Every structure is written in C-alpha cells, then in structure tokens.
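Take a look at the letters that make up each chain.
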Amino acid sequence: MECKLKNGKTVNVREVKVSDTMKILDYMEIVNSETKNLSREPHEWNMTFVEEEIFITRVVKSENECMLTTWDDDKLISLCGFHGSNLERLKHRADLGISILKDYHGLGLGSFLMEELIKIAKKRGKKYLELSVRCDNLNAIHIYEKVGFVQEGKKKEAFYVDGKYVDLLLMARKL
C-alpha cells in the first residue's frame, strides 16, 4: 500500500519478507544510533543474519504477529509491528512497536502505520493492543493518543539512559 507523506513524497508499506533480512539488519543499526527511545543502545544490536532470518520467517508464518516495512524507493525507512502469544489466555492481546528513521519524523507516517497495524490486528482477531513509551517522548504519545490509545499506568525508572532513569508510560487500545 502507499502512504503519501506531508512533504508530498509517496512511500510504500508492505508486510515483511524474508528477503528483507539484510536491509533490516542495516536499518536497525541506523535507527538504534539515531534515537534514545528504543530499548537498546546501538552497540547492543547484535542479531546475526541467520537469527534475524529465523525471526522474520516466524513472523511471516504467524497469525499472532505482524511486521510492516516502509520503503522510500529501495531504502527501508520504518519497521513496525505487533507480537502476540499463542497461549489461549493471552491470544487476544498483542504488544506493538514502531520505529522510523529520523529524516522521516513529523511527516504523518507514524499515524498512518498505527492505523494500518490496528486494522491488521482486528483482522487477526486481536482485541487489545498495548505498548510502552518513554514519558518524555511527547510526539509518540500524541500519535498513540490520536489513534485511540489511552494511558493505563507507568513503570517508574524503567529506562536508564545517559546516566539517568526515565519512566515508561503503559498505553493500550481496545479494538
């Protein structure tokens, strides 16, 4: 599917393919070095090609998981998705995550991707999406609230970044 960005550029969004493995490895190195909002420090990204390929293969085959890739021509600019459980008691829920290269922030892509993930989650029988976000990541919080997520709680001092602790907001949306 196509997404027209606020700058007039059109990018393509599709579900991940196993053949994307190398581009994803390269993307993760870049995105982890651009932001302090993700879970790991840049040097902590250490997936091998084989490990990433196995992970993507599992996602592609799963009804409880989804990963979307966004492409500006042949450049991977965003990864997002949700991961759920096969356990009957937890099957209705999924954890959601999103990352976008810094050059593409503020162009409407985040909102578009969130709406797409919500549609896919509904089709796959999910009833509840949840995520966590740094309390000081106001742009992301705004996007999540815009698409119907509400704050459900807070994890105190959940992140340790640049020598200080940062709280995480727990947010969710019923589908």
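The paragraphs below set out a description of the structure included in this document. None of the values given here were measured: they were computed from a predicted structure. (Residues numbered from 1 in each chain as written. Predicted model: local features only at pLDDT ≥ 70, side-chain atom pairs only at ≥ 80, totals over all residues. Heavy atoms only, no water.)

Focus on the packing of helix α1 (residues 21–34) against helix α2 (residues 49–61)
So, step 1. Closest axis-to-axis distance for the α1/α2 pair is 9 Å, and the angle between their directions is 110°. Classified by the interaxial angle, the pair formed by α1 and α2 is roughly perpendicular. The crossing of α1 and α2 is right-handed. Across from Thr21, Met22, Ile24 and Leu25 in α1, the residues of α2 making contact are Phe49, Glu52, Glu53 and Ile56.
So, step 2. Within the contact of α1 with α2, the residues separate by chemical class into five nonpolar, one polar and two charged. (Axes fitted to C-alpha atoms, helices over the stretch in contact; angles between N-to-C directions. Helix = DSSP H or I, 4+ residues; strand = E, 2+ residues; numbered from the N terminus. Parallel < 35°, antiparallel > 145°, perpendicular 65-115°, else oblique. Left-handed = near helix turned anticlockwise from the far one by under 90°. Contact = heavy atoms within 4.5 Å. Nonpolar A, V, L, I, M, F, W, Y, C, P; charged D, E, K, R; others polar.)

Observations concerning the sheet that holds strand β3 (residues 65–72)
So, step 1. Strands sit in the order β1-β2-β3-β4-β5-β6-β8-β7 across an open sheet of eight strands; the sheet is mixed. Of all strands in the sheet, those bounded by a partner on one side alone are β1 (2–4) and β7 (150–161). On average, adjacent strands in this sheet sit at an angle of 25° to one another, irrespective of strand direction.
So, step 2. Where β1 and strand β2 (residues 10–15) come together, three bridges link them in antiparallel fashion. The residue bridging Cys3 from the neighbouring strand is Val11, located in β2.
So, step 3. Against the sheet, α1 touches β3, β4 (75–84) and β5 (93–100), its axis set at about 95° to β4. (Pairing = 2+ DSSP bridges.)

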